[in-house]
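# Examination of the molecular architecture
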Amino acid sequence: MSESSENSQTAEVDYHPMWSELGMDVQAHDGLLGAVGQMYQESYLSQKNRPESTSYLDGVAMNIHSGRIKEMVDAKHAEGKKVVGSFCLYVPEEIITAAGGTSVGLCSGADWDTAKVEEHLPRNTCPLIKSFTGFKLGRVCPYIESSDLVVGENTCDGKKKAYEFFGTQKPMFIMDVPNVKTDETKQHFRNEVRRLAKRVEQETGNTIAYEGLKAAIKQANDKRRALQRLYKTRSADPAPISGLDSLLAVQAAFMDDPVRLTAAINKMSEECERRVHDGVGVSEKGAKRILYTGTPMAVPYWKIFTIIEQAGAVIVGEECCTGSRYYKDLVDEGGQTLDELYDAIADRYFNINCAIYTPNPGRIEDVLKMAKEQHADGIIDCSLQFCTIYDMESFGMEKAAQEAGIPYMHITTDYSSEDSGQLKTRVEAFLEML
Ligand code: BJ8
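If you're wondering where the values come from, they're calculated on a predicted model, not measured in any experiment. (Residues numbered from 1 in each chain as written. Predicted model: local features only at pLDDT ≥ 70, side-chain atom pairs only at ≥ 80, totals over all residues. Heavy atoms only, no water.)

### Section: the packing of aromatic side chains
Under the criterion given, the structure shown has 18 aromatic pairs. Plain terms: the ring middles of Y90 and Y357 are 6.0 Å apart, the flat faces sit at 70° to each other, and that makes the pair edge-to-face. One end of the pair, Y90, is in the loop between β1 (83-86) and α6 (93-98); the other, Y357, is in the loop between α17 (338-350) and α18 (361-373), and 267 residues separate them in sequence. For Y90, a relative accessible area of 1% corresponds to the buried category. Between the aromatic rings of W112 and F135, the centroid separation amounts to 6.4 Å while the plane-to-plane angle is 85°, which identifies the pairing as edge-to-face. Highlighted residues: W112 in the loop between β2 (102-105) and α7 (114-117) and F135 in helix α8 (residues 127-137), separated in sequence by 23 residues. Linked through ring pairs, F87, F132, Y163 and F166 together constitute an aromatic cluster. (Phe/Tyr/Trp six-rings, centres within 6.5 Å; stacked < 30°, edge-to-face > 60°. Helix = DSSP H or I, 4+ residues; strand = E, 2+ residues; numbered from the N terminus. Buried < 20%, exposed > 50% of the residue type's maximum accessible area, 1.4 Å probe, protein only.)

See the structure below:
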(Lines give C-alpha, C1' and ligand atoms only; values in the text may rest on other atoms or scores of the structure.)
Protein backbone atom coordinates (compact mmCIF):
# COMPACT_ATOMS: atom_id res chain seq x y z
CA MET A 1 0.00 0.00 0.00
CA SER A 2 1.42 3.42 -0.86
CA GLU A 3 1.82 5.96 1.92
CA SER A 4 -0.76 8.21 0.35
CA SER A 5 -3.34 5.46 0.43
CA GLU A 6 -2.21 4.27 3.86
CA ASN A 7 -3.31 7.52 5.40
CA SER A 8 -6.28 8.01 3.18
CA GLN A 9 -8.53 5.42 4.84
CA THR A 10 -11.07 5.05 2.06
CA ALA A 11 -12.35 7.92 0.01
CA GLU A 12 -15.87 6.36 -0.03
CA VAL A 13 -16.36 6.45 3.74
CA ASP A 14 -19.08 8.87 4.82
CA TYR A 15 -17.61 11.04 7.56
CA HIS A 16 -20.74 13.09 8.18
CA PRO A 17 -21.80 11.04 11.23
CA MET A 18 -18.34 11.58 12.79
CA TRP A 19 -18.50 15.33 12.16
CA SER A 20 -22.01 15.45 13.65
CA GLU A 21 -20.83 13.59 16.73
CA LEU A 22 -18.08 16.16 17.13
CA GLY A 23 -20.79 18.82 17.24
CA MET A 24 -19.90 20.38 13.92
CA ASP A 25 -22.17 22.30 11.57
CA VAL A 26 -22.03 19.62 8.89
CA GLN A 27 -23.66 21.61 6.15
CA ALA A 28 -21.44 24.65 6.57
CA HIS A 29 -18.45 22.32 6.79
CA ASP A 30 -19.36 20.75 3.44
CA GLY A 31 -19.23 24.25 1.99
CA LEU A 32 -15.79 24.83 3.50
CA LEU A 33 -14.44 21.53 2.17
CA GLY A 34 -15.72 22.36 -1.29
CA ALA A 35 -13.96 25.74 -1.26
CA VAL A 36 -10.69 24.27 0.06
CA GLY A 37 -10.81 21.49 -2.55
CA GLN A 38 -11.13 24.12 -5.27
CA MET A 39 -8.19 26.07 -3.86
CA TYR A 40 -6.11 22.91 -3.68
CA GLN A 41 -6.88 22.14 -7.27
CA GLU A 42 -5.85 25.62 -8.39
CA SER A 43 -2.71 25.91 -6.27
CA TYR A 44 -1.40 22.35 -6.04
CA LEU A 45 -2.80 20.06 -8.67
CA SER A 46 -2.07 22.56 -11.43
CA GLN A 47 1.68 22.43 -10.66
CA LYS A 48 3.94 20.79 -13.24
CA ASN A 49 6.90 18.46 -12.65
CA ARG A 50 6.13 17.75 -9.01
CA PRO A 51 8.12 14.93 -7.41
CA GLU A 52 5.97 11.78 -7.47
CA SER A 53 6.32 11.35 -3.72
CA THR A 54 4.34 14.57 -3.17
CA SER A 55 1.28 12.38 -3.75
CA TYR A 56 1.59 11.79 0.00
CA LEU A 57 0.79 15.47 0.52
CA ASP A 58 -2.25 15.16 -1.73
CA GLY A 59 -3.40 12.33 0.54
CA VAL A 60 -2.86 14.48 3.62
CA ALA A 61 -4.82 17.34 2.06
CA MET A 62 -7.63 15.01 1.00
CA ASN A 63 -7.91 13.49 4.47
CA ILE A 64 -7.15 16.47 6.61
CA HIS A 65 -10.71 16.75 7.94
CA SER A 66 -11.71 13.14 7.48
CA GLY A 67 -9.28 10.20 7.66
CA ARG A 68 -6.85 11.94 10.00
CA ILE A 69 -9.65 13.04 12.32
CA LYS A 70 -11.01 9.50 12.35
CA GLU A 71 -7.60 8.21 13.43
CA MET A 72 -7.56 10.70 16.30
CA VAL A 73 -11.14 9.98 17.33
CA ASP A 74 -10.55 6.21 17.15
CA ALA A 75 -7.46 6.58 19.35
CA LYS A 76 -9.55 8.57 21.82
CA HIS A 77 -12.15 5.82 22.01
CA ALA A 78 -9.74 2.88 22.02
CA GLU A 79 -6.89 4.24 24.17
CA GLY A 80 -8.35 7.35 25.82
CA LYS A 81 -5.75 9.35 23.89
CA LYS A 82 -6.56 13.03 24.48
CA VAL A 83 -6.19 15.67 21.79
CA VAL A 84 -4.33 18.84 22.73
CA GLY A 85 -4.52 21.73 20.29
CA SER A 86 -2.28 24.79 20.12
CA PHE A 87 -1.77 27.91 18.04
CA CYS A 88 1.87 28.65 18.34
CA LEU A 89 5.33 27.28 17.78
CA TYR A 90 6.25 28.01 21.41
CA VAL A 91 4.08 25.14 22.61
CA PRO A 92 6.33 22.06 22.74
CA GLU A 93 4.70 19.08 21.07
CA GLU A 94 7.14 16.79 22.92
CA ILE A 95 5.32 17.45 26.20
CA ILE A 96 1.96 16.46 24.72
CA THR A 97 3.38 13.34 23.06
CA ALA A 98 5.19 12.25 26.22
CA ALA A 99 1.95 12.56 28.20
CA GLY A 100 0.27 10.20 25.75
CA GLY A 101 -1.72 12.91 23.92
CA THR A 102 -2.11 13.84 20.26
CA SER A 103 -0.69 17.26 19.45
CA VAL A 104 -2.42 19.31 16.74
CA GLY A 105 -1.97 22.81 15.35
CA LEU A 106 -5.16 24.90 15.28
CA CYS A 107 -4.14 28.02 13.38
CA SER A 108 -6.51 28.58 10.51
CA GLY A 109 -5.94 30.13 7.13
CA ALA A 110 -9.36 31.12 5.78
CA ASP A 111 -11.99 33.71 6.60
CA TRP A 112 -15.06 32.22 8.24
CA ASP A 113 -18.14 33.72 9.90
CA THR A 114 -16.45 37.13 10.02
CA ALA A 115 -19.65 38.94 10.98
CA LYS A 116 -20.07 36.69 14.04
CA VAL A 117 -16.39 37.06 14.91
CA GLU A 118 -16.72 40.84 14.88
CA GLU A 119 -19.39 40.60 17.57
CA HIS A 120 -16.60 39.48 19.89
CA LEU A 121 -13.33 40.85 18.48
CA PRO A 122 -12.42 44.20 16.94
CA ARG A 123 -12.69 44.53 13.21
CA ASN A 124 -9.03 45.42 12.88
CA THR A 125 -7.80 42.07 14.20
CA CYS A 126 -5.38 39.99 12.14
CA PRO A 127 -6.97 37.41 9.80
CA LEU A 128 -5.31 34.46 11.52
CA ILE A 129 -6.98 35.27 14.83
CA LYS A 130 -10.30 36.03 13.18
CA SER A 131 -10.05 32.77 11.30
CA PHE A 132 -9.62 30.43 14.26
CA THR A 133 -12.32 32.33 16.12
CA GLY A 134 -14.64 32.04 13.12
CA PHE A 135 -13.85 28.34 12.73
CA LYS A 136 -14.89 27.83 16.35
CA LEU A 137 -18.01 29.98 16.21
CA GLY A 138 -19.05 28.37 12.93
CA ARG A 139 -18.17 24.85 14.23
CA VAL A 140 -16.35 23.92 11.02
CA CYS A 141 -12.95 22.78 12.33
CA PRO A 142 -12.77 19.14 13.48
CA TYR A 143 -9.36 19.79 15.09
CA ILE A 144 -10.82 22.47 17.35
CA GLU A 145 -13.92 20.39 18.06
CA SER A 146 -11.96 17.25 18.89
CA SER A 147 -9.46 19.06 21.15
CA ASP A 148 -9.89 18.19 24.81
CA LEU A 149 -7.60 21.01 25.82
CA VAL A 150 -6.36 24.05 23.91
CA VAL A 151 -3.04 25.61 24.80
CA GLY A 152 -2.70 29.32 24.11
CA GLU A 153 0.27 31.57 24.75
CA ASN A 154 1.00 35.16 25.62
CA THR A 155 2.67 36.18 22.40
CA CYS A 156 1.23 39.00 20.31
CA ASP A 157 -1.39 41.29 21.86
CA GLY A 158 -4.07 40.10 19.44
CA LYS A 159 -3.70 36.43 20.30
CA LYS A 160 -3.39 36.83 24.03
CA LYS A 161 -6.51 38.97 24.23
CA ALA A 162 -8.45 36.81 21.75
CA TYR A 163 -7.80 33.79 24.00
CA GLU A 164 -9.88 35.48 26.69
CA PHE A 165 -12.85 35.02 24.38
CA PHE A 166 -11.72 31.65 23.00
CA GLY A 167 -11.47 30.40 26.58
CA THR A 168 -15.22 30.87 26.90
CA GLN A 169 -15.62 28.34 24.07
CA LYS A 170 -13.05 25.63 24.94
CA PRO A 171 -11.05 24.56 28.00
CA MET A 172 -7.79 26.49 27.72
CA PHE A 173 -4.40 26.69 29.32
CA ILE A 174 -2.25 29.75 28.68
CA MET A 175 1.55 29.67 28.67
CA ASP A 176 3.42 32.84 29.36
CA VAL A 177 6.05 33.49 26.68
CA PRO A 178 8.54 36.24 27.53
CA ASN A 179 9.06 39.12 25.09
CA VAL A 180 12.76 39.62 25.82
CA LYS A 181 15.58 37.09 25.92
CA THR A 182 17.59 37.20 29.16
CA ASP A 183 18.81 34.55 31.61
CA GLU A 184 15.87 35.39 33.89
CA THR A 185 13.23 35.08 31.18
CA LYS A 186 14.81 31.83 29.99
CA GLN A 187 14.36 30.46 33.51
CA HIS A 188 10.80 31.73 33.50
CA PHE A 189 10.12 29.90 30.23
CA ARG A 190 11.65 26.70 31.66
CA ASN A 191 9.15 27.01 34.51
CA GLU A 192 6.32 27.57 32.04
CA VAL A 193 7.21 24.37 30.19
CA ARG A 194 6.96 22.47 33.47
CA ARG A 195 3.63 24.17 34.26
CA LEU A 196 2.35 23.08 30.84
CA ALA A 197 3.57 19.53 31.52
CA LYS A 198 1.57 19.41 34.77
CA ARG A 199 -1.59 20.62 33.07
CA VAL A 200 -1.22 18.16 30.20
CA GLU A 201 -0.57 15.32 32.66
CA GLN A 202 -3.74 16.28 34.48
CA GLU A 203 -5.68 16.23 31.19
CA THR A 204 -4.35 12.91 29.95
CA GLY A 205 -4.15 11.22 33.35
CA ASN A 206 -0.61 10.10 32.52
CA THR A 207 2.63 11.04 34.20
CA ILE A 208 5.49 12.16 31.99
CA ALA A 209 8.47 9.92 32.64
CA TYR A 210 12.11 10.22 31.56
CA GLU A 211 11.98 7.47 28.93
CA GLY A 212 8.71 8.74 27.44
CA LEU A 213 9.96 12.30 27.18
CA LYS A 214 13.25 11.17 25.67
CA ALA A 215 11.35 9.16 23.05
CA ALA A 216 9.03 12.10 22.32
CA ILE A 217 12.05 14.37 21.81
CA LYS A 218 13.57 11.89 19.40
CA GLN A 219 10.30 11.55 17.50
CA ALA A 220 9.97 15.33 17.04
CA ASN A 221 13.66 15.65 16.18
CA ASP A 222 13.34 12.92 13.54
CA LYS A 223 10.55 14.93 11.93
CA ARG A 224 12.73 18.05 12.02
CA ARG A 225 15.72 16.15 10.57
CA ALA A 226 13.57 14.97 7.67
CA LEU A 227 12.38 18.53 6.98
CA GLN A 228 15.94 19.84 7.20
CA ARG A 229 16.97 17.26 4.65
CA LEU A 230 14.21 18.35 2.28
CA TYR A 231 15.16 22.01 2.75
CA LYS A 232 18.78 21.28 1.81
CA THR A 233 17.81 19.83 -1.56
CA ARG A 234 16.19 23.15 -2.46
CA SER A 235 19.55 24.95 -2.66
CA ALA A 236 20.05 23.31 -6.08
CA ASP A 237 19.26 25.00 -9.37
CA PRO A 238 16.80 23.89 -10.64
CA ALA A 239 15.05 23.42 -7.29
CA PRO A 240 13.65 19.88 -7.12
CA ILE A 241 10.44 20.76 -5.29
CA SER A 242 8.21 23.83 -5.16
CA GLY A 243 7.75 26.19 -2.28
CA LEU A 244 4.08 25.26 -2.27
CA ASP A 245 4.82 21.58 -1.65
CA SER A 246 7.52 22.40 0.90
CA LEU A 247 5.07 24.65 2.72
CA LEU A 248 2.46 21.92 2.75
CA ALA A 249 4.99 19.46 4.18
CA VAL A 250 5.39 21.71 7.23
CA GLN A 251 1.67 22.51 7.46
CA ALA A 252 1.05 18.76 7.49
CA ALA A 253 3.61 18.33 10.27
CA PHE A 254 1.23 20.12 12.65
CA MET A 255 -1.60 17.65 12.04
CA ASP A 256 -0.46 14.37 10.58
CA ASP A 257 0.72 11.27 12.40
CA PRO A 258 4.34 12.21 13.19
CA VAL A 259 6.00 8.87 12.45
CA ARG A 260 4.18 8.36 9.16
CA LEU A 261 4.83 11.95 8.09
CA THR A 262 8.55 11.66 8.89
CA ALA A 263 8.83 8.56 6.71
CA ALA A 264 7.02 10.35 3.88
CA ILE A 265 9.21 13.46 4.11
CA ASN A 266 12.32 11.27 4.05
CA LYS A 267 10.99 9.60 0.94
CA MET A 268 10.35 13.00 -0.64
CA SER A 269 13.87 14.09 0.31
CA GLU A 270 15.32 10.94 -1.26
CA GLU A 271 13.47 11.64 -4.50
CA CYS A 272 14.54 15.30 -4.42
CA GLU A 273 18.18 14.27 -3.86
CA ARG A 274 17.92 12.03 -6.94
CA ARG A 275 16.37 14.85 -8.91
CA VAL A 276 19.17 17.21 -7.92
CA HIS A 277 21.71 14.58 -9.01
CA ASP A 278 19.92 14.22 -12.36
CA GLY A 279 19.37 17.96 -12.82
CA VAL A 280 15.58 17.58 -12.71
CA GLY A 281 13.64 20.51 -11.31
CA VAL A 282 10.13 21.62 -10.55
CA SER A 283 10.88 24.76 -12.57
CA GLU A 284 13.36 25.72 -15.28
CA LYS A 285 17.02 26.08 -14.40
CA GLY A 286 17.63 29.77 -13.83
CA ALA A 287 14.09 30.47 -12.53
CA LYS A 288 14.09 33.37 -10.07
CA ARG A 289 14.64 32.13 -6.53
CA ILE A 290 12.70 33.67 -3.67
CA LEU A 291 13.18 33.42 0.06
CA TYR A 292 9.92 33.92 1.94
CA THR A 293 9.86 35.45 5.41
CA GLY A 294 7.05 36.72 7.59
CA THR A 295 3.90 35.62 9.33
CA PRO A 296 2.90 31.95 9.35
CA MET A 297 0.80 30.43 6.59
CA ALA A 298 -1.90 28.22 8.08
CA VAL A 299 -3.87 25.72 5.97
CA PRO A 300 -5.44 26.60 3.50
CA TYR A 301 -3.64 29.92 3.08
CA TRP A 302 -1.66 29.26 -0.10
CA LYS A 303 -2.43 32.57 -1.83
CA ILE A 304 0.99 34.26 -1.70
CA PHE A 305 2.98 31.15 -2.60
CA THR A 306 0.63 30.47 -5.50
CA ILE A 307 1.00 34.01 -6.84
CA ILE A 308 4.82 33.91 -6.59
CA GLU A 309 5.23 30.48 -8.17
CA GLN A 310 2.60 30.96 -10.84
CA ALA A 311 4.53 34.10 -11.82
CA GLY A 312 7.42 31.77 -12.73
CA ALA A 313 9.61 32.03 -9.63
CA VAL A 314 10.43 29.25 -7.21
CA ILE A 315 10.40 29.67 -3.44
CA VAL A 316 13.54 28.06 -2.04
CA GLY A 317 13.04 28.63 1.69
CA GLU A 318 10.57 29.91 4.25
CA GLU A 319 11.76 31.75 7.33
CA CYS A 320 8.54 31.53 9.31
CA CYS A 321 6.67 29.26 11.73
CA THR A 322 5.36 27.14 8.88
CA GLY A 323 8.92 26.85 7.60
CA SER A 324 12.44 26.85 8.99
CA ARG A 325 11.47 27.96 12.48
CA TYR A 326 9.60 24.70 12.84
CA TYR A 327 12.54 22.46 11.98
CA LYS A 328 15.88 24.25 11.99
CA ASP A 329 16.78 23.60 15.65
CA LEU A 330 16.71 20.26 17.38
CA VAL A 331 16.16 19.58 21.07
CA ASP A 332 19.33 18.27 22.73
CA GLU A 333 18.71 14.55 23.20
CA GLY A 334 21.50 14.05 25.74
CA GLY A 335 19.63 14.93 28.97
CA GLN A 336 20.29 12.40 31.75
CA THR A 337 17.36 13.33 33.96
CA LEU A 338 13.77 14.39 33.43
CA ASP A 339 14.72 17.89 34.54
CA GLU A 340 17.52 18.10 32.01
CA LEU A 341 15.14 17.03 29.26
CA TYR A 342 12.60 19.70 30.29
CA ASP A 343 15.33 22.34 30.20
CA ALA A 344 16.58 21.16 26.82
CA ILE A 345 13.05 21.45 25.42
CA ALA A 346 12.50 24.89 26.93
CA ASP A 347 15.84 26.18 25.67
CA ARG A 348 15.20 25.02 22.12
CA TYR A 349 11.78 26.70 21.99
CA PHE A 350 13.00 29.85 23.76
CA ASN A 351 15.41 30.37 20.85
CA ILE A 352 12.67 30.69 18.22
CA ASN A 353 13.07 34.09 16.57
CA CYS A 354 9.49 35.33 16.51
CA ALA A 355 8.73 39.04 16.15
CA ILE A 356 7.16 39.03 19.62
CA TYR A 357 10.73 39.35 20.92
CA THR A 358 12.35 42.71 21.22
CA PRO A 359 14.92 43.19 19.97
CA ASN A 360 14.86 40.31 17.53
CA PRO A 361 18.14 40.36 15.58
CA GLY A 362 18.13 36.56 15.26
CA ARG A 363 15.36 36.64 12.68
CA ILE A 364 17.31 38.97 10.39
CA GLU A 365 20.41 36.81 10.78
CA ASP A 366 18.37 33.71 9.91
CA VAL A 367 16.88 35.35 6.81
CA LEU A 368 20.26 36.49 5.49
CA LYS A 369 21.83 33.10 6.20
CA MET A 370 19.01 31.28 4.42
CA ALA A 371 19.12 33.67 1.45
CA LYS A 372 22.80 32.85 1.10
CA GLU A 373 22.59 29.09 1.51
CA GLN A 374 19.60 28.78 -0.87
CA HIS A 375 21.10 31.21 -3.43
CA ALA A 376 18.01 33.41 -3.32
CA ASP A 377 17.70 36.21 -5.85
CA GLY A 378 15.25 38.14 -3.68
CA ILE A 379 13.38 38.19 -0.37
CA ILE A 380 9.63 38.55 -0.06
CA ASP A 381 8.54 39.55 3.43
CA CYS A 382 4.84 39.19 4.11
CA SER A 383 2.76 40.37 7.05
CA LEU A 384 -0.86 39.67 7.63
CA GLN A 385 -2.97 42.79 7.92
CA PHE A 386 -3.05 44.27 11.46
CA CYS A 387 -0.04 42.21 12.52
CA THR A 388 1.89 45.12 13.97
CA ILE A 389 4.93 43.16 15.11
CA TYR A 390 5.79 41.71 11.68
CA ASP A 391 4.92 44.98 9.94
CA MET A 392 7.25 46.83 12.30
CA GLU A 393 10.06 44.36 11.73
CA SER A 394 9.80 44.77 7.98
CA PHE A 395 11.67 48.10 8.23
CA GLY A 396 14.72 46.53 9.83
CA MET A 397 14.47 43.56 7.51
CA GLU A 398 14.46 45.80 4.44
CA LYS A 399 17.48 47.74 5.66
CA ALA A 400 19.40 44.52 6.35
CA ALA A 401 18.52 43.12 2.93
CA GLN A 402 19.63 46.35 1.25
CA GLU A 403 22.93 46.28 3.12
CA ALA A 404 23.45 42.68 2.04
CA GLY A 405 22.62 43.64 -1.55
CA ILE A 406 19.55 41.37 -1.77
CA PRO A 407 16.42 42.76 -3.48
CA TYR A 408 13.53 42.90 -1.04
CA MET A 409 9.79 43.34 -1.24
CA HIS A 410 7.28 43.75 1.58
CA ILE A 411 3.65 42.71 1.27
CA THR A 412 0.81 43.31 3.72
CA THR A 413 -2.22 41.22 2.90
CA ASP A 414 -5.15 39.25 4.28
CA TYR A 415 -6.97 35.98 3.60
CA SER A 416 -9.30 37.37 0.92
CA SER A 417 -8.59 37.18 -2.77
CA GLU A 418 -9.51 40.82 -3.31
CA ASP A 419 -5.92 42.01 -3.64
CA SER A 420 -4.72 39.00 -5.70
CA GLY A 421 -4.64 40.92 -9.00
CA GLN A 422 -2.72 43.78 -7.49
CA LEU A 423 -0.29 41.45 -5.71
CA LYS A 424 0.29 39.53 -8.90
CA THR A 425 1.30 42.74 -10.68
CA ARG A 426 3.62 43.74 -7.83
CA VAL A 427 5.25 40.31 -7.66
CA GLU A 428 5.76 40.17 -11.43
CA ALA A 429 7.37 43.63 -11.38
CA PHE A 430 9.64 42.53 -8.53
CA LEU A 431 10.67 39.34 -10.35
CA GLU A 432 11.44 41.30 -13.49
CA MET A 433 13.94 43.49 -11.72
CA LEU A 434 15.83 40.54 -10.21
S1 BJ8 B 1 6.02 31.97 17.22
S2 BJ8 B 1 4.74 33.97 14.55
S3 BJ8 B 1 3.00 31.09 15.75
S4 BJ8 B 1 3.25 34.11 17.75
S5 BJ8 B 1 -0.07 37.09 12.39
S6 BJ8 B 1 -1.59 36.07 15.41
S7 BJ8 B 1 1.76 37.41 15.41
S8 BJ8 B 1 -1.09 39.48 14.80
S9 BJ8 B 1 1.09 34.01 14.52
FE10 BJ8 B 1 2.89 33.41 15.65
FE11 BJ8 B 1 3.84 31.93 17.65
FE12 BJ8 B 1 5.22 34.01 16.73
FE13 BJ8 B 1 5.02 31.84 15.26
FE14 BJ8 B 1 -0.35 37.79 16.09
FE15 BJ8 B 1 0.72 38.57 13.83
FE16 BJ8 B 1 -1.70 37.58 13.80
FE17 BJ8 B 1 0.39 36.03 14.36
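### Some remarks on the nonpolar core
Residues Y90, I95, Y143, F189 and L213 are the most contacted members of the largest nonpolar core, which totals 138 residues. The contact partners of F189, leaving out residues within four places of it in the chain, are Y90, M175, D176, V177, P178, A346, Y349 and F350. (Core = buried A, V, L, I, M, F, W, Y, C linked by side-chain atoms within 4.5 Å. Contact = heavy atoms within 4.5 Å.)

### Observations concerning the pairing of strand β8 (residues 408-413)
Counting buried residues along β8, 5 of its 6 residues qualify, which places the element largely inside the surrounding structure. Where strand β7 (residues 378-384) meets β8, 6 bridges bridge the pair, whose relative direction is parallel. Following the sheet pairing, I380 is matched in β8 by M409. Handedness of the β-α-β unit built from β7, helix α19 (residues 388-403) and β8 comes out right-handed. (Pairing = 2+ DSSP bridges. Right-handed = clockwise from strand over helix to strand, strands pointing away.)

### Quick notes on the pairing of strand β5 (residues 289-294)
Most of β5 is tucked away: 6 of the 6 residues are buried. What you see with β5 is no split at all: R289, L291 and T293 on one side and I290, Y292 and G294 on the other are buried throughout. Relative to strand β6 (residues 314-319), β5 runs parallel, the two sharing 5 bridges. Bridged to Y292 within β6 is E318. For the crossover that starts at β5, traverses helix α15 (residues 303-310) and ends in the parallel β6, the hand is right-handed. Sheet analysis places β5 next to β7, joined by 5 bridges and oriented parallel. Following the sheet pairing, Y292 is matched in β7 by I380.

### Describing the pattern of salt bridges
A side chain with one charge may pair with a side chain of the opposite charge, provided their charged atoms come close. For the structure on display, the rule yields 39 salt bridges. Across the pair K82 and E203 runs a salt bridge whose closest N-O atoms are separated by 3.7 Å. You can see K82 sitting in the loop between α5 (67-79) and β1 and its partner E203 sitting in helix α11 (residues 183-204), a full 121 residues away along the chain. Classification of K82 by relative accessible area gives partly exposed; the value is 26%. Judged by relative accessible area, E203 falls into the buried class, the value being 16%. Its salt-bridge partner being R190, residue D343 comes within 3.5 Å of it at the nearest N-O pair. Here the residue D343 occupies a position in helix α17, and R190 occupies one in helix α11, the gap between them amounting to 153 residues. Using a relative accessible area of 19% as the deciding quantity, one classes D343 as buried. Classification of R190 as buried rests on a relative accessible area of 18%. (Salt bridge = Lys/Arg side-chain N within 4 Å of Asp/Glu carboxyl O.)

### Notes on the sheet that holds β2
Two pairing modes exist for strands in a sheet, parallel and antiparallel, and in both the strands are linked by backbone hydrogen bonds. Here 4 strands make up an open sheet; going across it, the order is β2-β1-β3-β4 and the pairing parallel. Every other strand in the sheet has two partners, leaving β2 and β4 (172-176) as the edge strands with one partner each. Here the average twist between neighbouring strands, direction ignored, is 25°. As paired elements, strand β3 (residues 149-154) and β4 share 5 bridges and run parallel to each other. (Axes fitted to C-alpha atoms, helices over the stretch in contact; angles between N-to-C directions.)

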